[in-house]
Amino acid sequence: MAEVRVRFPPSPTGYLHIGGARTALYNWLFARQHQGKMVLRIEDTDEERSTQASIDGIIDGLRWLGLDWDEGPYFQTDHAADHVAAAERLLASGHAYKCFCTKEELEQKREQALAEKRDPGYDGTCRNLGAEECSRREADGQAAVIRFKVPRRPGLLFYNDEVLGRIERAYSDVEDFVIVRSNGKPLYLLSNVVDDIRDRITHIIRGQDHMTNTTRQVLLYEALEAPLPVFAHIPLTLDIQKRKISKRSHGEVVAVQFYQERGFLPWALCNFLALLGWNPGTEQEYFSREELTATFSLDRINRANSVFNFKPGDDKFFTDPKLIAINEHYLRNLDPEQLGALVQPVLEQAGLWDAAYAGPRRSWYLDTLVLIRDRFHTLNDFAEAGRAYFSDQYDIDPKPLAKNILKHPELKTWLPQLAARFAALSNFNLESTETSCRQMADELGIKPGVLINAMRTALTGQLAGPSMFDILITLGQDTVVRRLSRVDHLYAS
RNA sequence: GUCCCCAUCGUCUAGUCAGGUCCAGGACACCGGCCUUUCACGCCGGCAACACCGGUUCAAAUCCGGUUGGGGACGCCA
């Protein structure tokens, strides 16, 4: 069997969004599964909207997700000559013709058709212009586009879609579409096919929004006498109102970069995206790269569109809750070394990284991450809610401050007293700290919880956290004593 | 207006091709409980869906037809 070759062809007119990322993921999985190749091709033929920033953003996004490619990035504009040559061939073989209708004329006809509730497609005005007439108009200086001459055959045009099955359309429903602009620049419909033929693409996995393009491109393959690749049209990703996800109307929450900045694990996003429109047919929901690559298949892609369930303005569910849950799952179950590697850049960014975490304090670093990760949602939490584990400079959350400390003014003296008891311990461990804490509460006639919760707030700034005595041991005797001795500032304002 | 695609819990979905084992299974979310020095994690339990109508059949979520609903496309954008 011939080598599987797929491609991911973004147009650089904006950042990489989750729909595009999922398309890239499905292509990548398919290529890897078949030991095939993935080509990255930047389709930059829209000169007005293409930007270098978009190109960089898309490439960064793919790299962050870990979706690597084997060839490219190729740039579509580098192959404009191929596209024009193909158009010339189509003209010569009678598969295309020159059309002198102006934009204005066409727009007017289109509007009129729509207003009269008629089909707005091209009416074929220039389809049968004679060679002489063409030459005359060209000599006259009239600009012309090149249109593909859709065969006027009876019957149906079709292709077999790996996801949707046989897709049919009457020839008469396909209008003569433009393949080259009047300024000589080729258009997507043509360029895309010419490039896919040259790049020997065997499988085209793309969104269902391309289905009408596919019916037209099938004709192009035929006219160019090239073998038809396999098509797989994947369902679209919609918002809660069932609108197609787009960069302009949904903002950053649909941008891959947003998840990178928010501290999501790249593989968690991939895992989520894989499940948005595909399932393995078993109840497994978490997959390693290897597992997903082995399990993925085009025929288990859903036919129906799926909803990316996020509510703008919701603090807790700022993105799809399932994505958050998957991210938390990986946060909690990742091997400590892998987690350590992911957290390192976050701590570095926050100025909390200590070179010793890669050396003598490696095990302390990893143990600490494992201790605190159960309550976290993203990697960023390690530098925010988890800041006190890595630095003496941390904020005290006002809520627990009021509830656990200010509520009991006596703590202003109790905490330093507790610090003194801890300082006196020759063996600072789980048992000794708990015993002395409970003893003190007993002597004062208060519940141990008063001291414990006050300590948690003073030592970590947080309302919630791991078992208090685990925290003590993790922070170490010196830090605990230092922080508990100086609680005056908590009462400052 | 035309063409194409789709339709199971709030969301992602299993089951549909090969009708019965489905008064519909899982996950997330939500609610309750257990655990507990806090909050989580974890565990246990609960709520919640076959769009509608008709046909075929002993039997339909599953097959057929229609209706409704949703989406996509109809650019000298990609």
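All values reported here derive from a predicted model rather than from experimental measurement.

A closer look at the protein's contact with RNA strand B
Asp46, Arg181, Asn279, Arg375 and Ile452 are the nearest of the 67 residues found near RNA strand B. Restricting the count to atoms of RNA strand B within 4 Å of the protein gives a sugar and phosphate share of 72%. Between RNA strand B and Arg169 there is a distance of 3.3 Å, counted from a sugar or linking oxygen to a side-chain nitrogen or oxygen. Within the contact set of RNA strand B, a phosphate oxygen lies 3.2 Å away from a side-chain nitrogen or oxygen of Lys244. Taken together, the elements giving at least two residues each to the surface near RNA strand B come down to α4 (103-115), β7 (165-170), α7 (211-223), β12 (306-307), α12 (321-333), α18 (448-460) and α19 (468-475). A total of four residues in the surface near RNA strand B trace back to one element, the largest contributor, which is α12. Among the residues forming the surface near RNA strand B, the class breakdown is 23 nonpolar, 17 polar and 27 charged.

Let's talk about the confidence of the model for chain A
Low-confidence regions, as indicated by low pLDDT, have predicted coordinates that should not be scrutinised in detail. Mean pLDDT over chain A: 93, with 99% of residues reaching 70 or higher. Interface confidence for the predicted complex, given as ipTM, is 0.95, next to a pTM of 0.94.

Focus on the side chain of Asp161
Structurally, Asp161 can be placed in strand β6 (residues 156-161). Among buried Asp, Glu, Lys and Arg side chains, Asp161 stands out as unpaired, with Arg206 the closest opposite charge at 8.3 Å. Within the structure, the side chain of Asp161 is placed 2.7 Å from the backbone nitrogen of Val163, a separation counted as a polar contact. Side chain to side chain, Asp161 and His233 meet in a polar contact 2.5 Å long. Aside from chain neighbours lying at most four places away, what touches Asp161 is Ile167, Phe231, Ala232 and His233.

Some thoughts on the packing of aromatic side chains
Inspection of the entire model under this criterion finds 20 aromatic pairs. Look at Phe258 and Tyr259: their rings are 5.0 Å apart centre to centre, the planes differ by 90°, and that puts the pair in the edge-to-face class. Taking the relative accessible area as the measure of exposure, Tyr259 reaches 0% and is therefore buried. Each ring, one from Tyr357 and one from Tyr365, has its centre 5.2 Å from the other, and the planes form 5°; the classification is stacked. Relative accessible area serves as the criterion here: at 0%, Tyr365 is assigned to the buried category. Site record: aromatic cluster; members linked through ring pairs are Trp353, Tyr357, Trp364, Tyr365 and Phe390. Here Arg216 stacks its cationic end above the ring of Phe177, 5.6 Å away from the centre of that ring. Directly above the aromatic system of Trp364 lies the positively charged group of Arg361, at a separation of 4.1 Å from the ring centroid.

Digging into a negative patch on the surface
On the surface, a cluster of negative charge is contributed by Glu104, Glu105, Glu107 and Glu111. Take Glu111: it is sitting in helix α4.

Thoughts on the sheet that holds strand β5 (residues 145-148)
Sheet architecture is open: three strands sit in the order β4-β5-β8, paired in antiparallel fashion. Of all the strands in the sheet, just β4 (96-99) and β8 (178-180) have a single pairing partner and so form its edges. Averaged over neighbouring strand pairs, the angle between their axes works out to 45° when direction is ignored. Bridge count between β4 and β5: four bridges; the pairing is antiparallel.

Observations regarding the pairing of β7
Moving residue by residue along a regular strand, the side chains alternate between the two faces of the sheet. Of the pairings in the sheet, the one linking β6 to β7 comprises six bridges and is antiparallel in character. Looking at β7, one finds that Asn160 is bridged to Arg166. Where β6 hands over to β7, the hairpin turn is made up of three residues, counted between the paired strands.

So, helix α16 (residues 411-424)
A rise of 1.5 Å per residue sets the reference length of α16, with its 14 residues, at 20 Å; its end C-alpha atoms lie 19 Å apart and thus fit the reference within 8%. The set of residues buried in α16 consists of Leu411, Trp414, Leu415, Leu418, Ala419 and Phe422. Buried positions in α16, seen along its axis, are confined to an arc of 140° and lie on one side of it.

As for the sheet that holds strand β2 (residues 37-42)
Ordered by their spatial adjacency, three strands build an open sheet running β1-β2-β3, and the pairing between neighbours is parallel. Since the sheet does not close on itself, it has two edges, and those belong to β1 (5-8) and β3 (71-75), each with one partner. Between one strand and the next, the sheet's axes are offset by a mean angle of 25°, whatever the strand orientation. Sheet analysis places β1 next to β2, joined by four bridges and oriented parallel. Across the sheet, residue Val6 finds its bridge partner in β2, namely Met38. Strand contacts of helix α2 (residues 52-65): β1, β2 and β3, with the helix running at about 160° to β2, the strand carrying the most contacts.

Considering the environment of Thr295
Relative to the elements of secondary structure, Thr295 occurs in helix α11 (residues 289-295). Sequence spacing of Thr295 and Ala86 is 209 residues, and the spatial spacing of their C-alpha atoms is 39 Å. Residues within four places of Thr295 in sequence aside, it is in contact with Gln33, Trp278 and Pro280.

Cut-off values and rules
- Residues numbered from 1 in each chain as written.
- Chains lettered and ligands numbered in written order.
- Predicted model: local features only at pLDDT ≥ 70, side-chain atom pairs only at ≥ 80, totals over all residues.
- Heavy atoms only, no water.
- Near = heavy atom within 4 Å.
- Polar contact = N/O pair within 3.5 Å; in protein donor to acceptor, adjacent residues only side chain to side chain.
- Helix = DSSP H or I, 4+ residues; strand = E, 2+ residues; numbered from the N terminus.
- Nonpolar A, V, L, I, M, F, W, Y, C, P; charged D, E, K, R; others polar.
- pLDDT = per-residue confidence, 0-100.
- Buried < 20%, exposed > 50% of the residue type's maximum accessible area, 1.4 Å probe, protein only.
- Lys, Arg positive; Asp, Glu negative; His and termini not counted.
- Salt bridge = Lys/Arg side-chain N within 4 Å of Asp/Glu carboxyl O.
- Contact = heavy atoms within 4.5 Å.
- Phe/Tyr/Trp six-rings, centres within 6.5 Å; stacked < 30°, edge-to-face > 60°.
- Lys NZ or Arg CZ within 6 Å of the ring centre and 35° of its normal.
- Patch = residues over 30% accessible without salt bridge, like charges linked within 9 Å, V, L, I, M, F, W, Y side chains within 5 Å.
- Areas by Shrake-Rupley, 256 points an atom, 1.4 Å probe, with all protein chains shown as cover.
- Charge placed at Lys NZ, Arg CZ, Asp CG, Glu CD.
- Pairing = 2+ DSSP bridges.
- Axes fitted to C-alpha atoms, helices over the stretch in contact; angles between N-to-C directions.
- Expected span 1.5 Å × (residues − 1).
- Arc of directions from axis to C-beta.

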